[in-house]
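Structure assessment
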Amino acid sequence: MLDLSDAACVRKPRGRRLTRRAFLGAGAAALALQPAHGQIVPRGIPFGAAIQTDFFDDAAYRQAFIDECDIVLPMNEFKFGLVQWERGKFDFTNADRLVDFAQQHGKTVRGQPFVWHLTNGPWLETIDNEREATAVLTEHIERTADRFKGRITDWDVVNEVITHDPLESPSAPLRDTFWLRTLGPRYIPLAFRVAADADPTAKLVINDYDLEFVGESYNARRDIMLSIVRQLQDAHLRVDAVGFQAHLYAHQKIDVEATARFKEELRRLGVGIIVTELDVIDFQIQGGPEAQDEAAQVVVSDFLDAVLPGAPPLAVITWGITDRHSWVDGAMPHADGLPSRPLPLDANDRPKDWYLKMRSRLSAS
Ligand code: XIL
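Now for a look at the structure at hand. Keep in mind that this is a model prediction, so the values were computed, not measured. (Residues numbered from 1 in each chain as written. Predicted model: local features only at pLDDT ≥ 70, side-chain atom pairs only at ≥ 80, totals over all residues. Heavy atoms only, no water.)

So, the site of the ligand
Lining the immediate environment of the ligand, one finds Met75, Asn76, Lys79, Gln112, Trp116, Asn159, Glu160, Gln245, His247, Glu277, Trp319 and Trp327. At a separation of 3.2 Å, an oxygen atom of the ligand approaches a polar side-chain atom of Gln112. Residue Glu160 places a side-chain N or O atom 3.1 Å away from a nitrogen atom belonging to the ligand. Protein chains shield 78% of the accessible area of the ligand, which is 410 Å² for the free molecule. Counted by class, the shell around the ligand contains four nonpolar, five polar and three charged residues. (Near = heavy atom within 4 Å. Polar contact = N/O pair within 3.5 Å; in protein donor to acceptor, adjacent residues only side chain to side chain. Areas by Shrake-Rupley, 256 points an atom, 1.4 Å probe, with all protein chains shown as cover. Nonpolar A, V, L, I, M, F, W, Y, C, P; charged D, E, K, R; others polar.)

This is the structure we're talking about:
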């Protein structure tokens, strides 16, 4: 049984509803005036993409974000090990560059993530006691949140806490990580409590992958997520939204009904959803670029059928903007050695059909 109990949690009333305007805060007014495709967009679901300072020298890359996005998300610049490669030496150089770029161009910025099991400095896992791990987690969240207070609309507080396949490890719904081993499940409420105190105006998100497909292990992942959210609320902690990473496997089926039900359960708890890392993983799609893009169109469209009806997602964000720069080829290379086609713009920065269709649906929602 999953138990996140944390004796230190403060009691507060539960069940606050979250509107999109409240979520975006002051940024919402600016968003309404934000040009996308050269037009005024008075309504609709905001669109954003993860950006990397590594490629800032590439003018076309920067311009794509300026032209396409309402929101930018630092792909790596806020990750634990990039901010704190050496223990206690906080380096915000790249995070600052990125947030400055966003602000100069009138974009809002969301933050990702305070707590994850990857991209941590090697020093972290040498810690072997609860007291030190608590102090490190607390200081990291407090200093990072504090530096960007008022400039970040929302934070992924914890990322990928659910075990990869819960059916393989039913006794351990949570992922086996440094944080779980050192602090137990209470690291999750701890992170939410520290984040809420550090920046009371930023919205707080719990982010994970594989929340939208057909299959028993995906049903189990949705159930575990609901259980975590309920337990955080029972501990009177604020959870504003569940983040669907939406790394969409083009060879898998979206469970439109189960995903919509999951979203409705969350809505009843007063919790929204946000799409945080959408891209298409097409390593099993044979037949070349056209077949890859057709498969992408199906999986993205089915996913939108699941998440758009009813209360709109707070935003839809893709994990990069152009196929020239994506993690997919490195992490899940195509079976035939073809370049993958995961993102809104192709390698020549031409928009894919699925992206244009998605933007129309976001504008109309
Ligand atoms: C990946 C980035 O794309 C890479 O550049 C980095 O080296 C590792 O992290 N799920 C997540 C993201 O939550 O943070 C990951 O991003 C992709 C999978």
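Concerning the pattern of salt bridges
With the rule as written, the count across this model stands at 24 salt bridges. The shortest N-O distance in the salt bridge between Glu264 and Arg267 comes to 2.7 Å. In this pair, Glu264 and Arg267 both sit in helix α10 (residues 256-268), three residues apart, roughly one turn of the helix. Judged by its relative accessible area of 29%, Glu264 falls in the partly exposed class. Note that Glu264 is salt-bridged to Arg268, the shortest N-O span being 3.8 Å. Of the two residues, Glu264 and Arg268 both sit in helix α10, four residues apart, roughly one turn of that helix. When its relative accessible area of 55% is taken as the criterion, Arg268 is described as exposed. Each of Arg230, Glu264, Glu265, Arg267 and Arg268 takes part in salt bridges that share partners, so that together they form one network. (Salt bridge = Lys/Arg side-chain N within 4 Å of Asp/Glu carboxyl O. Helix = DSSP H or I, 4+ residues; strand = E, 2+ residues; numbered from the N terminus. Buried < 20%, exposed > 50% of the residue type's maximum accessible area, 1.4 Å probe, protein only.)

A word on the packing of aromatic side chains
Summed over the entire model, instances satisfying the criterion amount to 17 aromatic pairs. On the basis of an interplanar angle of 75° and a centroid distance of 5.0 Å, the ring pair of Phe78 and Phe148 is categorised as edge-to-face. Of the two residues, Phe78 sits in the loop between β4 (71-74) and α4 (80-83) while Phe148 sits in the loop between α6 (130-147) and β6 (152-159), which places them 70 residues apart along the sequence. One exposure class covers both Phe78 and Phe148, and it is buried. Arranged with centres 5.6 Å apart and planes meeting at 75°, the rings of Phe92 and Phe148 form a pair that is edge-to-face. Placement of the pair is Phe92 in the loop between α4 and α5 (93-104) and Phe148 in the loop between α6 and β6, with a sequence separation of 56 residues. (Phe/Tyr/Trp six-rings, centres within 6.5 Å; stacked < 30°, edge-to-face > 60°.)

Observations concerning unusual backbone geometry
Even without a glycine there, the phi angle at Glu160 is positive, about 60°. Accessibility expressed as a relative area gives 10% for Glu160, which makes it buried. Positive phi is not limited to glycine here, since Asp349 has a value of about 65°. Take Asp349: it is sitting in the loop between α12 (328-331) and α13 (353-364).

Remarks on the pairing of strand β8 (residues 241-244)
Side chains Ala241 and Gly243 project from β8 onto one buried face, and the interleaved Val242 and Phe244 project onto a second face that is buried too. Looking at chain direction, strand β7 (residues 203-208) and β8 are connected through four bridges and run parallel. Each bridged residue has a counterpart across the sheet, and for Ile206 the counterpart in β8 is Val242. In the classification by handedness, the crossover that spans β7, the intervening helix α9 (residues 216-234) and the parallel β8 is right-handed. (Pairing = 2+ DSSP bridges. Right-handed = clockwise from strand over helix to strand, strands pointing away.)

Section: the nonpolar core
Ranked by size, the top nonpolar core spans 104 residues in total, and within it Trp179, Ile188, Ile206, Ile228, Phe303 and Met358 carry the most contacts. If you tally residues by element for this core, the top one is helix α8 (residues 187-198), at nine residues. Excluding its chain neighbours within four sequence positions, the residues that come into contact with Trp179 are Phe80, Val115, Trp116, Asn120, Leu124, Ala133, Val136, Leu137, Gly184 and Tyr187. Listed in part, the eleven residues of the second largest apolar core include Ile71, Ile274, Ala315 and Ile317. (Core = buried A, V, L, I, M, F, W, Y, C linked by side-chain atoms within 4.5 Å. Contact = heavy atoms within 4.5 Å.)

Topic: the pairing of β4
The side-chain alternation of β4 yields two buried faces, one formed by Ile71 and Leu73 and the other by Val72 and Pro74. The pairing of strand β3 (residues 47-51) with β4 spans four bridges and is classified as parallel. From the neighbouring strand, Gly48 faces β4, where its bridge partner is Ile71. Once the chain exits β3 it traverses helix α3 (residues 59-68) before rejoining the sheet at β4, and the crossover so formed is right-handed. Inspection of the sheet shows β4 paired to strand β5 (residues 108-111) by two bridges, in the parallel sense.

Here we look at the packing of α9 against α10
Contact pair α9 / α10: the axes reach a minimum separation of 11 Å and the direction vectors enclose 5°. In terms of orientation, α9 lies roughly parallel with respect to α10. On α10, the residues that touch Asn219, Arg222, Met225, Leu226, Val229 and Arg230 of α9 are Ala258, Thr259, Phe262, Glu265 and Leu266. Class assignment for the residues of the contact of α9 with α10 results in six nonpolar, two polar and three charged. (Axes fitted to C-alpha atoms, helices over the stretch in contact; angles between N-to-C directions. Parallel < 35°, antiparallel > 145°, perpendicular 65-115°, else oblique.)

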